[in-house]
Each structure stands twice: as structure tokens, then as C-alpha cells.
Amino acid sequence: MSIKDKTLKLCSCNKTIALDAQALASALKTGTPLPIHTELCRKEAGRFQAALGDESLLVGCTQEAPLFGELAEAAGSKAELRFVNIREMAGWSAEGRQATPKIAALLAAAALPEPEPVPNVEYKSGGQVLVIGPSGAALEWAKRFSTNLQPSVLITRQEGGELPAERGFPVWSGKPLRVSGWLGAFEVEWQQENPIDLEVCTRCNKCIDVCPENAIDFSYQIDLGKCKAHRQCVAACGEIGAVDFSRAERARKESFDLVLDLSTEPLLRVPDLPQGYLAPGADPLAQALAAAKLTQLVGEFEKPRFFAYREKICAHARSGIEGCNRCLEVCSTGAIRADGDHVKVEPHLCAGCGGCATVCPSGAMTYAYPRVSDIGMRLKTLLSTYREAGGADACLVFHDTESGRQQVQAVGRKAVRGGKGLPARAIPFEVFHVASIGLDTLLGAICYGASQVVVVSTKESEHYAAALREQMALGEVILNALGFEGSHFFLFDGNALEKELWALKPAMGVSKTATFNLSPEKRTTLDFELDHLAVNAPRKIEEIKLPAGAPFGALAVNKQTCTLCKACIGACPEGALLDAADAPRLRFIERNCVQCGLCAETCPEDAIELVPRLLFGPQAKQAVTLNEAEPFHCVRCGKPFGTRRMVDSMLGKLGGHSMFAGDGALRRLQMCGDCRVVDMMENRSEATIFDFKK
């Protein structure tokens, strides 16, 4: 459904936003001037209610979205409701009167269809929560959880507290070794260290009574610093056997739905903790907030399966030789692990950041929700509407749906008493996580007409800052080499966003915007973008030298050491290295190469070297010969097989070996596979393994 088919409800928010009804109608091609309200959420609410019989409504306000939703529900309306923020994002600005192109662009993008749904990942939590931490705090929180959840306790050290008089929940003690899993499926392993096993202990108090050092209190754990090894507690415990100083079986393991970790340092050391695992530390307020959140994580939950993976083109490894590990290194949740020659993603741990897709050079890992093609359609619509409405030097501001959105809105909200809001050319663009903004998205924005791209960095995206800067630096090298002057890509801290945006000077963009759509295939998208930039570049060049690690480049082959064994062809996952049917020849298509290094690591002669660069023109997509050699012909039938250099090298290495002492054995090495078998059958007089006794 296009924006022409939607009912637009725009409000100037008590005349604080300069809305030009005629200009907006012209930009959005609605035909007639748009009605502008001043108090749609208050005295003009009736006009909103009157439109609820229409099929689809687009409201230029997000602050009062809950109110409008309630009005629609009360009226029994089946209208589709959409909301877009044109106040903080555009109207509240020192350049608010010049923001009409941006407002039109925001409205046009908001009218686009929602991304197609993808399969969901499901979670089930029954409320079994493990509290890990010092005795006092852990036992207290377990008691509080008893009314809503099913608590258990793992005491890591004694710090006060007494075990309850009633055994209302399991209590263990020991040293945590490993926590793994996700909401509804955590597995915790620990090692029993204290001589008293709290599972076995009946809390009869005999051990407390007989201990001469008072090393045992009502936490029923022995303070080993006080204990003098009299072992009277062992005798008092008797056949119950809860006290054992020489316990052999110390490993413990249990499963839980939720984990509250009160350790000083979280047991899970990943930047983004899995859902259902909270580690507030020792701060009482943080503990209370975490506990409140855990009580809400009971039931069945689901989220989109954010990623798609094609192992066929994954450059992680071949035949046990490692190549690309970028997705494993960037993942902030530990959801990705090596799995033989490929990788495996645990969808329950995936947080949907898209960082893996951003750094993947081949496109084997892609962002599935939303897809790059969906993001591309929003970019294309946003920038084309902005341009056609008279906007210039567009600066896209990518931000996430939580902290980033709040920081961008805060800039607009403070456009009073010295604040300036967002510049009229700064267009906010919301994504689920900014880590998903890779080279294909950055260059796509430039191709569609953006002058610059800003990514808003928050605390949640700190882990991905290095990867984002690497993508931006690569894009900047390409654009500057092509003659597009200025700085195009920036990663700004949200706390200094207003100052940084107003200080930016527009950079040079393309004179002709692209018409293609971004493809779900990453390399296809990059091909379109690079070709478009090259055709419209101020400077015509054939080659750009790139930094090491760039996903484009050539291969340099040492022809003196290469034997054309073609092991590199078998190792290449991208089809960049090719065989030739008519002769021993190594061919190469440069645009297919992702510089994963598998060919260089596989080469037994170390004859291959990576050459990072970007080649333009038809030659980048055509197969070129890296090395060729004289074929070797079978000495029996004359059929060509292998290369003369490879056979000569093999003869030189094996000529002195005892297994090839006879002339017949060496001659057989100079035969093709078929003739070799025939020759072996004809020479039955030769010794075989069966001629040697054990």
C-alpha cells in the first residue's frame, strides 16, 4: 500500500512544528493539500476518531501512540495504524522551517510495507531460577522468589545468612565452573568444595554442637580457616554422611530456566548476556531491578530468527585449514562456534545485532530480519523523496531502536534554550541494531544519493565499534580514491550527537542516483554499488589499493614454485580459482575473491600471496591465467595428466625411497591412473605386502 492509499493525520503540536501542507502534498504526490491539526491528541481527537473507518492511518506522532491505539480499540476499528516521529526528528530544530523535505521523506518511508515475516525462535520458561552468590544475599533473594518462582541457591562463599527452617528450595554450595544456555535452558556446572553437602545435610545441628572451634554456623558450611581438623563433626553426622573431608565425587550439574548471578564478576564473560541470565553484582538496587525482570520471564516467548547462513560459500575453513573467523570474533553473545569446515549459530543465543553479516566477506552469513533488500527499499524511498522535495546533502543518521532512538529524540526535544535539534539535512534511520550497518549498506546509501552516513554509538554497541570503523574506513578509501571528496562515514557517540552533526560539512555524493535495488546476495549488491560509483566517479581509475584484510583483491602466484597441483582450487569456497579442461592452467576471477586466505594456507609450496585491491572494469569479472605449465603425457598410452614440473618434482622426492627402488615402480609414477592399474596387474612378480610375514 502506497502513501496515497493512507489517511495522513499530521499535527503541529500546538503550532510548535512548521508544517507546509501544500509543499508536503506536492512532495508526497497526494494531489490535494494535507490537513494540518494543532491538537490532534486533545480537542481535535474527534477528527482522528472520524478517520478510523478508513483502511489505513499514518499518524505523525509517536508520543501519543498509546492514546490513539486506545481510541481505535474503543471504536472497534480495524484500521491499520502507523506512527512516525516528525516532531523530535524534524520539526523541533533550529532549521525546522527547512525540514519539509525530511518530513516528507520520513512519512514516505513509514508508509512502506512491513518486512516479510521469518521463522521464529521459541523459548519456554517454567520459572526455575538459580541464585548464585554469597550466602546472605543469595538466600534472601531465594526466599523472596518463592512466591512467584521456583528458586534454588548455589552458595559461593559464606557471608552471613541462615538456611531456612523449612527446606522450601534446594541449596547447594561450591565453586561455579561453567554457565551455558539461554532462557529456559541454562546448564550450570560447579564443584562441591565445602565438606558439608547441603543436599544430604538434615540440619540436625549435631555438627554445630560438637565443633570445638565454632567453625560451623547455621549456614551449615564449615569455615575452613577456623577448622583444626578434629573431625568431631564427621563422627556426629554418622551414617547420614553429609560431612566428608575426602569426598571423591565433587562435580555437580543442574538445569534451570533462569539465573540470577550475584557474583562480583559475571560468570558469563560475553559482552551481551543471554536472555534469562542477569548479573547485577552487589548493588542492592541493581539486584532488585534484575529480580523484578526475572519474575516476568515465565511462560512462552519468541523472537525472529535474525540470520540466514549458507555454508556452501562460507570461507571459514576447508579440510581442517582455517581461513576466515570474522563472525566468530565479532559475535557478542557467543552464539557462533566453529563446526568443522563451517560455523554453527545457536539461534537462541543470537541477539539479532547483525554484526556477523556485516563482517562476513562472502555473504554466507546474512541478516534475515529485516533483509538488506528491505533496508535498501527504505533507503531508496527515503532519499528519493527527500531529493524530489528539494532536499540536498542528505546525512543519514542510523540509530538502534532503544538507546539510540532515545538519544536522537533527546537532541530534538532539547531544541529550546540554546539547543538546535537535528539539522534539516540529518535524516534519522532506525534499525534494530547498528552493528548491521556494513559496507553494502554504507555504499548503498551513497549510491541512492546520501552525502554522508552517521552511525550513533551507544553502550550496547561498544563491542562492535572496531568492526564498524573498519567498514567505514574501507568505504572511505574507495570513495576518496574515486574522487568523491570529503568525509562520508562517521561513528558518533550519542551523548555528543548534536554538536557533531552541526559541525559536519557535506561531502561529495553521486551526481546520478542509483535505480537498482539492494540484493539479498551481499557480493551482488557490492558489485552493483561499485560499478555505479565507478561510472559516476569524478576520477576514472582501474585499480584501488586496499588495506590488508579487505574483502577484495588479487592473488600473486610464484610460478617458479607452483606445481599446479590445484589444491588451491579445491580450497576456494567462492569459485574465484578455476581449472582448465584443455591444459594444466590455474585461472582466477578477481571479483569473486574475498581474500579469505584459504588458498594460501592450503598451498603446499607456499606459492600464493594475497594482494588486497579493488579492480574495476570488465577484467575484474573475467577469468585470467595465474599460471600454466607443460602437461606431462603418460609414458604408456600418451594421455596427458598432471604437469611435467609436478611429475619431475615427485620423481626427485621419491626416487631414493626403498619402495621405488626398481625402475618399474618409478616408471609407474609416470603413468596415468588407468595405465598404472594395468601395469600393476601385468607385473605379478613384484613383491606385495602379503609376501612379508608378521
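Notes on the structure in this doc start here. (Residues numbered from 1 in each chain as written. Predicted model: local features only at pLDDT ≥ 70, side-chain atom pairs only at ≥ 80, totals over all residues. Heavy atoms only, no water.)

**Focus: the nonpolar core**
Okay, step 1: Grouped together as the largest cluster of nonpolar side chains are 93 residues, with contacts concentrated most on Leu107, Leu396, Phe398, Val454, Leu501 and Leu533.
Okay, step 2: No other element matches helix H5 (residues 100–110), which puts 8 residues into this core.
Okay, step 3: Among the nonpolar cores identified, the runner-up in size contains 38 residues, and Ala215, Cys237, Ala291 and Leu297 belong to it. (Core = buried A, V, L, I, M, F, W, Y, C linked by side-chain atoms within 4.5 Å. Buried < 20%, exposed > 50% of the residue type's maximum accessible area, 1.4 Å probe, protein only. Helix = DSSP H or I, 4+ residues; strand = E, 2+ residues; numbered from the N terminus.)

**Focus: a negative patch on the surface**
Okay, step 1: Taken together, the side chains of Glu402, Glu460, Glu462, Asp493 and Glu500 define an acidic patch exposed on the protein surface.
Okay, step 2: Within the secondary structure, Glu402 sits in the loop between strand E21 (395–399) and helix H13 (403–413). (Patch = residues over 30% accessible without salt bridge, like charges linked within 9 Å, V, L, I, M, F, W, Y side chains within 5 Å. Areas by Shrake-Rupley, 256 points an atom, 1.4 Å probe, with all protein chains shown as cover. Salt bridge = Lys/Arg side-chain N within 4 Å of Asp/Glu carboxyl O. Lys, Arg positive; Asp, Glu negative; His and termini not counted. Charge placed at Lys NZ, Arg CZ, Asp CG, Glu CD.)

**A few points about the pattern of salt bridges**
Okay, step 1: Tallied over the full model, the rule gives 27 salt bridges.
Okay, step 2: Of the charged contacts in the structure, one is a salt bridge between Asp527 and Arg591, with a shortest N-O distance of 3.0 Å. Of this pair, Asp527 sits in helix H17 (residues 522–535) while Arg591 sits in the loop between strand E28 (585–589) and helix H19 (598–602), and the two are 64 residues apart along the sequence. Of the two residues, Asp527 and Arg591, both sit in the buried class.
Okay, step 3: Taken together, the shared-partner salt bridges connect Lys6, Glu80, Arg82 and Glu114 into one network.

**Overview of the packing of H5 against helix H12 (residues 372–388)**
Okay, step 1: The interhelical angle for the contact between H5 and H12, taken along N-to-C directions, is 150 degrees, at an axis separation of 8 Å. If you check the angle between H5 and H12, you find them roughly antiparallel. Judged by the twist between their axes, the crossing of H5 over H12 is right-handed. On the side of H5, the interface is formed by Pro101, Lys102, Ala104, Ala105, Leu106, Ala108 and Ala109, while H12 contributes Thr381, Leu382, Thr385 and Tyr386. (Axes fitted to C-alpha atoms, helices over the stretch in contact; angles between N-to-C directions. Parallel < 35°, antiparallel > 145°, perpendicular 65-115°, else oblique. Left-handed = near helix turned anticlockwise from the far one by under 90°. Contact = heavy atoms within 4.5 Å.)

**Quick look at the side chain of Thr385**
Okay, step 1: The residue Thr385 is located in helix H12 in this model.
Okay, step 2: Within the local environment of Thr385, its side chain forms a polar contact with the backbone oxygen of Thr381, the two atoms lying 2.7 Å apart. (Polar contact = N/O pair within 3.5 Å; in protein donor to acceptor, adjacent residues only side chain to side chain.)

**Concerning the packing of aromatic side chains**
Okay, step 1: In total, this model carries 13 aromatic pairs according to the counting rule given.
Okay, step 2: Both rings, one in Phe48 and one in Phe68, keep their centres 4.6 Å apart while their planes meet at 45 degrees; by these two values the pair is tilted. You can see Phe48 sitting in helix H2 (residues 45–50) and its partner Phe68 sitting in helix H3 (residues 65–74), a full 20 residues away along the chain.
Okay, step 3: On the numbers, 6.4 Å between centres and 45 degrees between planes, the contact of Phe186 with Tyr277 is tilted. You can see Phe186 sitting in strand E10 (residues 186–191) and its partner Tyr277 sitting in strand E13 (residues 277–278), a full 91 residues away along the chain.
Okay, step 4: Residue class for Tyr277 comes out buried when judged on its relative accessible area of 1%.
Okay, step 5: Taken together, Phe48, Phe68 and Phe83 form an aromatic cluster joined through their ring pairs. (Phe/Tyr/Trp six-rings, centres within 6.5 Å; stacked < 30°, edge-to-face > 60°.)

**A word on the sheet that holds strand E3 (residues 56–59)**
Okay, step 1: The 4 strands lie next to each other as E2-E1-E3-E4, forming an open sheet whose pairing is parallel. The open sheet has two edge strands with one neighbour each: strand E2 (36–37) and strand E4 (80–83).
Okay, step 2: Both strand E1 (residues 7–11) and E2 contribute to a ladder of 2 bridges, which runs parallel. Its bridge partner lying in E2, Leu10 is registered against Ile36. (Pairing = 2+ DSSP bridges.)

**Some thoughts on the side chain of His488**
Okay, step 1: Mapped onto the elements, His488 comes out in the loop between helix H15 (465–481) and strand E24 (489–493).
Okay, step 2: By relative accessible area, which is 0% here, His488 ends up buried.
Okay, step 3: A polar contact of 3.3 Å, which involves the side chain of His488, links it to the backbone oxygen of Gly486.
Okay, step 4: Residues in contact with His488, not counting those within four places in the same chain, are Ile446, Ser451, Gln452, Val453, Glu476, Leu479, Asn480, Ala507 and Met508.

**Let's talk about the pairing of strand E22 (residues 426–430)**
Okay, step 1: For E22, a buried count of 4 out of 5 residues is recorded, marking the element as mostly surrounded by other parts of the structure.
Okay, step 2: Handedness of the crossover joining E21 and E22 through H13 is recorded here as right-handed. (Right-handed = clockwise from strand over helix to strand, strands pointing away.)

**Some remarks on the environment of Thr625**
Okay, step 1: In this structure, Thr625 sits in strand E30 (residues 623–628).
Okay, step 2: Look at Thr625 and you get partly exposed, because its relative accessible area is 40%.
Okay, step 3: Along the chain, Thr625 and Ala580 lie 45 residues apart, while their C-alpha atoms are 9.6 Å from each other.
Okay, step 4: Residues within four places of Thr625 in sequence aside, it is in contact with Arg585, Leu586 and Arg587.

**Points about the sheet that holds E22**
Strand pairing in a sheet relies on backbone hydrogen bonds. The paired strands run either parallel or antiparallel.
Okay, step 1: Read across the open sheet, the 4 strands follow the order E22-E21-E23-E24; overall the sheet is parallel. Taken across any chain shown, the strands that pair with only one partner, and hence form the sheet edges, are E22 and E24. The sheet shows a mean angle of 25 degrees between the axes of neighbouring strands, direction not considered.
Okay, step 2: Of the strand pairs in this sheet, strand E23 (residues 452–457) and E24 are connected by 5 bridges, and their pairing is parallel.

**A look at unusual backbone geometry**
Trans is the common state for peptide bonds, and a negative phi is the common state for residues other than glycine.
Okay, step 1: A cis amide bond, omega -5 degrees, links Tyr369 with the succeeding residue Pro370.
Okay, step 2: Mapped onto the fold, Pro370 is located in the loop between strand E20 (365–367) and H12.
Okay, step 3: Backbone geometry at Asp393 places phi at a positive 55 degrees, although glycine is not the residue there.
Okay, step 4: Along the chain, Asp393 falls in the loop between H12 and E21.
Okay, step 5: Looking at Asp393, the relative accessible area reads 38%, which means it is partly exposed.
Okay, step 6: Located in the positive-phi region is Lys566, a residue other than glycine, with phi close to 70 degrees.

From the geometry alone we can't say anything about function, so treat these as descriptive.
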